[in-house]
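Observations on the three-dimensional arrangement
Given next are the chains, with one letter for each unit.
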Amino acid sequence: MADGAARPLLDVRGLKVGLPTRRGHLPILNGVDLHVKEGEVLGVVGESGAGKSITGLAVIGLLEPPARIDGGEVWFDGARIDGLSGDALRRIRGARIGVIFQDPLTSLNPLYTIGRQLTETIRTHMDLGADAAEKRAVELLDEVGIPAAASRLGAYPHEFSGGMRQRVVIALALCAHPRLIIADEPTTALDVSIQAQIIGVLKRLCREHGTAVMLITHDMGVIAETADRVAVMYAGRVIEDGTVAEVVRNASHPYSHGLMGSIPTIGERVGRLPQIRGAMPRVGAVPEGCAFAPRCPEVRDLCRAERPVMMGGKTTSAACWQYSPRWADSAGAAGAEAVADG
Amino acid sequence: MAETPLLEIEDLAVHFRLPVPLAERAMGRKPKVLKAVDGVSFAIGKGVTLAVVGESGCGKSTVARLIAGLYRPTRGRVAIDGHDVTAARDRTRALRRRLTMIFQDPQASLNPRWRVRDIIAEPIKAFGIAGDGQETGRRVDGLLEQVGLAAADGEKYPHEFSGGQRQRISIARALASQPDLILCDEPTSALDVSVQAQILNLMRDLQDDLGLTYLFISHDLAVVNHMSDRIAVMYLGRFVEVADAAALFAAPQHPYTRLLLETIPDLGMTGRDREAVAGEVPSPIDPPGGCAFHPRCPHANERCRTERPELRTAAGSAAVACHAAEEGRLPPAPAGGAADG
């Protein structure tokens, strides 16, 4: 999409998040680099514990203390937003960055009607009178596909089904025309047939409004259908970044490649699923060098000694030594040590 | 299949009565009934995997629990190897041993205060499979190795393992009583995809080695496609389509099966838009009359609204509960699954 744009809308550089504990400092994010361009849908994928949700929370300043940003920069719309005060961030959140969380029940207040929650949010971020705000609320509900929107303003969240609630949450996130929406597992709590509806709504609205989306999910199927570009996260870093078609079909990083291969698909039936040995290292136990080295079929000594930075891979960028000129010089591979997987 | 199927269920149903508030009870209001499972029948031969798929609330887990004897059916019959085991009290030790279960969440189904060794040894002791303590120990070691863990892991507690390893422990426990049939209720839904692949591969290897029969409950059609020989699609407590896996994906008959297949996000769908299907699963407390799917079905007519369709044998191995399919009103099946480009 918006290729011409000079500076990305959201630019995260070397973001580090840590958690101070009694037993020392636990690094959760170890230098995340990613960007979202104007009007683009960036999918952020990874397995649980890879740091994708924490990245989203850090960007919008919603990290639960004592977790905190240890380093790196977050730029949004040309201005640096990490380290802003709570007040300043609150003005950006909602108005210019909308947020959608996994569970619509926890992001809606059960004691207020949908109409009140919508008009309140609209009037907080936009200079509108009560009547105009209500009119806007009805328009929004209509846009996200809630039937008989005007008559539903007086309803409470529990009167809606899960899919309808998530539509309301999307309406809330969109109400002030944000430039960017951060959606953290927006369809994970929903059944597949409802999931398809919600993805459809999100995709259509963002296209119509030119809103960029950072879509965080573990579901590669959702990413494949929705995203323009994908950032794959592993052990607190982005290890591959490329167009969705390339990452899904022709991933450069051995981890993304293994991940895509291990997903059963409807189209084909295979005898055995290709599997990646072992499991992702726990927070605080990430090995030196490449975090994927202990599980990697291509591992060499270089991988264990030094952490690779992002470099041009086959078609995407990947943090893998294979794409470095030093790969050829590195000593012939010794196989990965045996890992009890799980 | 001339021989007796390993597991056979006939017209199995369970209806739950919902509590009525006191005030309403005083006014003589009858309790509402939730028909979680309302008349399902199937048979599984030895060494076969039958999958039951459907969205949340369709009753698929309840089917597994009925077979396991965790609920008492309202009507219907469950038979293992020809022995009627509908009521839990009819189950002799010898029959109970032959059927075990793997649950979705290994965190919740493993006792956190027991060592893994004791968790796995419990069925061996309960069914008197090993002669003495030493043999029990040897069997536990063997089971741990069979599921890809080390014998030394037996000394640890469940919290010391990752989610995938814990599910391996659940599988080892399920295998401990040397069962023929394992009921798997969403065994990989709580796992990450790369770990899911490891567990699915392990389950298939064990099936090949031990001749196990699986009843595989899942909401994930891609996983089901990978694992099963035969698939039953469930909607609001009833089967709407039962067919061999290949046939179901190649030529889905029931409109609900088609909807499910069309709506799954798939890796092959990059850059394509899809037609989202309107509507949601209605409440099972007051399901629509006639065919329960008619409010969402594009092919519904008057008959569908009034008369409930029964499962009827359709083309080949498939059975479909759909008036439109029976009358030939359905358009030909869309090309199976998503064509991977």
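Higher on the page you've got the structure.
Residues numbered from 1 in each chain as written. Chains lettered and ligands numbered in written order. Predicted model: local features only at pLDDT ≥ 70, side-chain atom pairs only at ≥ 80, totals over all residues. Heavy atoms only, no water.

1. Details of the overall build of chain B
Which entries qualify depends on this criterion: For helices the rule is a DSSP run of H or I covering at least 4 residues; for strands it is a run of E covering at least 2, with both sets numbered from the N terminus onward. Each radius of gyration reported is based on C-alpha atoms, and the globular scaling rule is 2.2 Å times the count of residues to the power 0.38. When accessible area is computed with a 1.4 Å probe and restricted to protein chains, residues below 20% of their type maximum are described as buried, those above 50% as exposed, and intermediate ones as partly exposed. Whether two residues touch is decided by their heavy atoms; if any such pair falls within 4.5 Å, the residues are in contact. In these tables, accessible area is a Shrake-Rupley quantity obtained with a 1.4 Å probe, and a residue counts as shielded only by the protein chains included in the view. By the counting scheme adopted, Arg and Lys are positive, Glu and Asp are negative, and His together with the chain ends is not counted. The atom standing in for a charge is NZ when the residue is Lys, CZ when it is Arg, CG when it is Asp and CD when it is Glu.
Summing up its helical and strand segments, chain B has 13 helices and twelve strands in all. Its C-alpha radius of gyration of 22 Å places chain B within 12% of the 20 Å reference for a compact globule of 341 residues. Along the first, second and third principal axes, the C-alpha atoms of chain B reach 70 × 60 × 45 Å. Relative to its 341 residues, chain B shows a buried fraction of 51%. Restricting to contacts in chain B with at least 6 residues of sequence separation, those with at least 24 account for 67%. Working note: accessible area of chain B is about 14,600 Å², and carbon and sulfur atoms make up 50% of it. Separation of charge centres in chain B, based on 40 positive and 43 negative side chains, amounts to 7 Å.

2. Overview of the state of the cysteines
This is how the line gets drawn: Working definition: a disulfide is two cysteine sulfur atoms within 2.5 Å of each other.
Tallied over the entire structure, the rule returns zero disulfides over all chains. In this structure Cys-206 of chain A is not part of a disulfide, and its nearest cysteine sulfur, from Cys-175 of chain A, lies 14 Å away. Considering cysteine sulfurs only, Cys-58 of chain B is the nearest to Cys-184 of chain B, which forms no disulfide, with 16 Å between them.

3. Some remarks on the nonpolar core
Rule in force here: To qualify as a nonpolar core, a set must consist of buried Ala, Val, Leu, Ile, Met, Phe, Trp, Tyr and Cys residues joined through side-chain atoms within 4.5 Å.
Leu-10, Leu-141, Ile-170 and Leu-180 of chain A are the most contacted members of the largest nonpolar core, which totals 102 residues. In terms of residue count, helix H7 (residues 162–174) of chain A provides more of this core than any other element does, eight residues in total. Filtering out sequence-adjacent residues up to four positions away, Leu-180 of chain A remains in contact with Leu-9, Leu-10, Val-36, Phe-76, Arg-96, Ile-97, Gly-98, Thr-211, Ala-212, Val-213 and Met-214 of chain A. Counting 62 residues, the second largest nonpolar core, distinct from the first, contains Leu-149, Tyr-214, Tyr-235 and Leu-236 of chain B.

4. What about the sheet that holds strand E7 (residues 181–185) of chain B?
All names here are of chain B. Stated precisely, the cut-off is as follows: Criterion used throughout: strands pair if DSSP finds at least two bridges between them. Axis definition: a line fitted to C-alpha atoms, over the contacting stretch in the case of helices. Angles run 0 to 180 degrees between N-to-C directions.
Strand order in the open sheet made by the eight strands is E6-E7-E8-E3-E9-E10-E12-E11, with mixed pairing throughout. Both edges of this open sheet fall to strand E6 (99–102) and strand E11 (312–313), since each of them pairs with a single strand only. In this structure, strand E3 (residues 49–53) lies alongside strand E9 (residues 230–235), joined through four bridges in parallel fashion. In the strand pairing of E9, Leu-50 is matched with Arg-230. Helix H8 (residues 193–210) contacts E3, E7 and strand E8 (213–218) of the sheet and is inclined by roughly 155° relative to E8.

5. Looking at the packing of helix H4 (residues 114–125) of chain A against H7 of chain A
All names here are of chain A. To keep things clear, this is the line we draw: In this scheme, roughly parallel covers angles under 35 degrees and roughly antiparallel covers those over 145, while 65 to 115 is roughly perpendicular and the rest are oblique. Two helices cross in a left-handed way if the nearer one is turned anticlockwise from the farther one by less than a right angle. They cross in a right-handed way if the turn is clockwise. In this count, Pro and Cys sit with the nonpolar residues alongside Ala, Val, Leu, Ile, Met, Phe, Trp and Tyr, while Asp, Glu, Lys and Arg are called charged and the others, Gly among them, polar.
Interhelical geometry of H4 versus H7 gives an angle of 20° and a closest axis separation of 9 Å. Taken together, the axes of H4 and H7 are roughly parallel relative to one another. Classified by chirality, the crossing of H7 by H4 is right-handed. In this structure, H4 contributes Ile-114, Gln-117, Leu-118 and Thr-121 to the contact, and H7 contributes Val-168, Ala-171 and Leu-172. Across the contact of H4 with H7, the residue classes break down as five nonpolar, two polar and no charged.

6. Overview of the pattern of salt bridges
Residue and element names in this part refer to chain A. Put simply, the rule reads: By salt bridge we mean one thing: a side-chain nitrogen of Lys or Arg within 4 Å of a carboxyl oxygen of Asp or Glu.
This model, assessed by the stated rule, comprises 42 salt bridges over all chains. The salt bridge partner of Asp-77 is Arg-96, with a shortest N-O separation of 3.2 Å. Placement of the pair is Asp-77 in the loop between strand E4 (68–76) and strand E5 (79–80) and Arg-96 in the loop between helix H2 (86–92) and strand E6 (97–100), with a sequence separation of 19 residues. Its relative accessible area of 32% is what places Arg-96 among the partly exposed residues.

7. Regarding the packing of helix H7 (residues 163–176) of chain B against H8 of chain B
Think of two packed helices as two axes; the pair is described by the angle between the axes and how far apart they sit. Residues and elements named next belong to chain B. Contact geometry of H7 with H8 gives a least axis separation of 10 Å together with a crossing angle of 20°. By the angle between their axes, H7 is roughly parallel relative to H8. The two elements H7 and H8 meet at a crossing, and its hand is right-handed. Contacts from Gly-164, Gln-167, Arg-168, Ile-171 and Leu-175 in H7 reach Val-195, Gln-198, Ile-199, Leu-202, Met-203, Leu-206 and Leu-210 in H8. Of the residues contributing to the contact of H7 with H8, the split by class is eight nonpolar, three polar and one charged.

8. With respect to the packing of aromatic side chains
Within a pair of aromatic rings, the relevant descriptors are the distance that separates the centres and the angle that separates the planes. Residues and elements named next belong to chain A. Formally: Stacked, edge-to-face and tilted are the three classes for Phe, Tyr and Trp ring pairs, Trp counted by its six-membered ring, which pair at centre distances within 6.5 Å; planes under 30 degrees apart are stacked, over 60 edge-to-face, the rest tilted. A ring is scored as having a charge over it whenever the NZ atom of a lysine or the CZ atom of an arginine sits within 6 Å of its centre and within 35 degrees of its normal.
Scanning all chains against the criterion turns up eight aromatic pairs over all chains. Each ring, one from Tyr-234 and one from Tyr-255, has its centre 4.4 Å from the other, and the planes form 50°; the classification is tilted. Residue Tyr-234 is found in strand E9 (residues 229–234), and its partner Tyr-255 is found in helix H11 (residues 254–261); the two are separated by 21 residues along the sequence. For Tyr-234, a relative accessible area of 2% translates into the label buried. Aromatic pair Tyr-255 and Phe-292: ring centres 5.4 Å apart, planes at 65°, arrangement edge-to-face. Placement of the pair is Tyr-255 in helix H11 and Phe-292 in the loop between H11 and helix H12 (301–305), with a sequence separation of 37 residues. What makes Tyr-255 buried here is its relative accessible area of 0%. Aromatic ring contacts, followed pair by pair, group Tyr-234, Tyr-255 and Phe-292 into a single cluster. Across from the ring centre of Trp-327, 3.9 Å away, lies the NZ or CZ of Arg-300, which sits over that ring. Between Arg-326 and the ring centre of Trp-321, over which it is positioned, the NZ or CZ distance is 4.9 Å.

9. Some thoughts on unusual backbone geometry
Cis rather than trans, the peptide bond between Pro-65 of chain A and Pro-66 of chain A has omega equal to 10°. Mapping Pro-66 of chain A onto the fold places it in the loop between helix H1 (52–59) and E4. Here Asp-11 of chain B, not a glycine, exhibits a phi torsion of approximately 50°, which is positive. One can find Asp-11 of chain B in strand E1 (residues 7–17).

10. Thoughts on helix H8 (residues 192–209) of chain A
Residues and elements named next belong to chain A. Counted only if it meets this: For a helix, the expected span equals 1.5 Å multiplied by the residue count minus one.
Taking 1.5 Å as the rise per residue, H8 with 18 residues should run 26 Å; its terminal C-alpha atoms sit 26 Å apart, in good agreement. With 13 of its 18 residues buried, H8 lies for the most part within the structure. Looking at the residues trailing H8, positive phi occurs at Gly-210, about 70°.

11. Quick word on the sheet that holds strand E2 (residues 24–36) of chain A
Residues and elements named next belong to chain A. Across the sheet, four strands lie side by side as E2-E1-E4-E5; this open sheet has antiparallel pairing. Of all the strands in the sheet, the pair left with one neighbour each is E2 and E5. Inspection of the sheet shows strand E1 (residues 10–21) paired to E2 by ten bridges, in the antiparallel sense. Looking across to E2, one finds that Val-17 is bridged to Leu-29.

12. Observations regarding the interface of chain A and chain B
Often, the extent of an interface is quoted as the loss of accessible area upon association of its parts. The line we're drawing: By buried area we mean how much accessible surface two parts lose on assembly, using a 1.4 Å probe and totalling the loss over both. Pairing of N or O atoms within 3.5 Å defines a polar contact, subject to two protein rules: one partner must be a possible hydrogen donor and the other a possible acceptor, and residues neighboring in sequence count only if both atoms are side-chain atoms.
Facing the 46 residues of chain A at the interface are 53 residues of chain B. Here chain A meets chain B over a buried area of about 4,200 Å², counting both sides, of which 49% is carbon and sulfur. There are one salt bridge connecting chain A and chain B. Its salt-bridge partner being Asp-205 of chain B, residue Arg-272 of chain A comes within 2.6 Å of it at the nearest N-O pair. Inspection of the chain A/chain B interface yields eight residue pairs in polar contact (both at pLDDT 80 or more). Of all the elements in the fold, those that place two or more residues in the side of chain A that touches chain B are H7, H8, helix H9 (220–226), helix H10 (244–250) and H11 of chain A.

13. Considering the pairing of strand E10 (residues 238–244) of chain B
Regular strands place side chains that alternate from one sheet face to the opposite one. Residues and elements named next belong to chain B. The element E10 is extensively covered by neighbouring structure, given that six of its seven residues are classed as buried. Here six bridges tie E9 to E10, and the two strands are oriented antiparallel to one another. Bridge pairing in E10 links Arg-230 to Asp-244. Counting the residues that bridge the hairpin from E9 to E10 gives two residues, and of these Leu-236 lies at a positive phi of roughly 50°. One ladder, built from two bridges, connects E10 with strand E12 (residues 319–320); its direction is antiparallel. Residue pairing for E12: Glu-241 is matched across the bridge by Val-320.

Nothing here speaks to function; it is all geometry.
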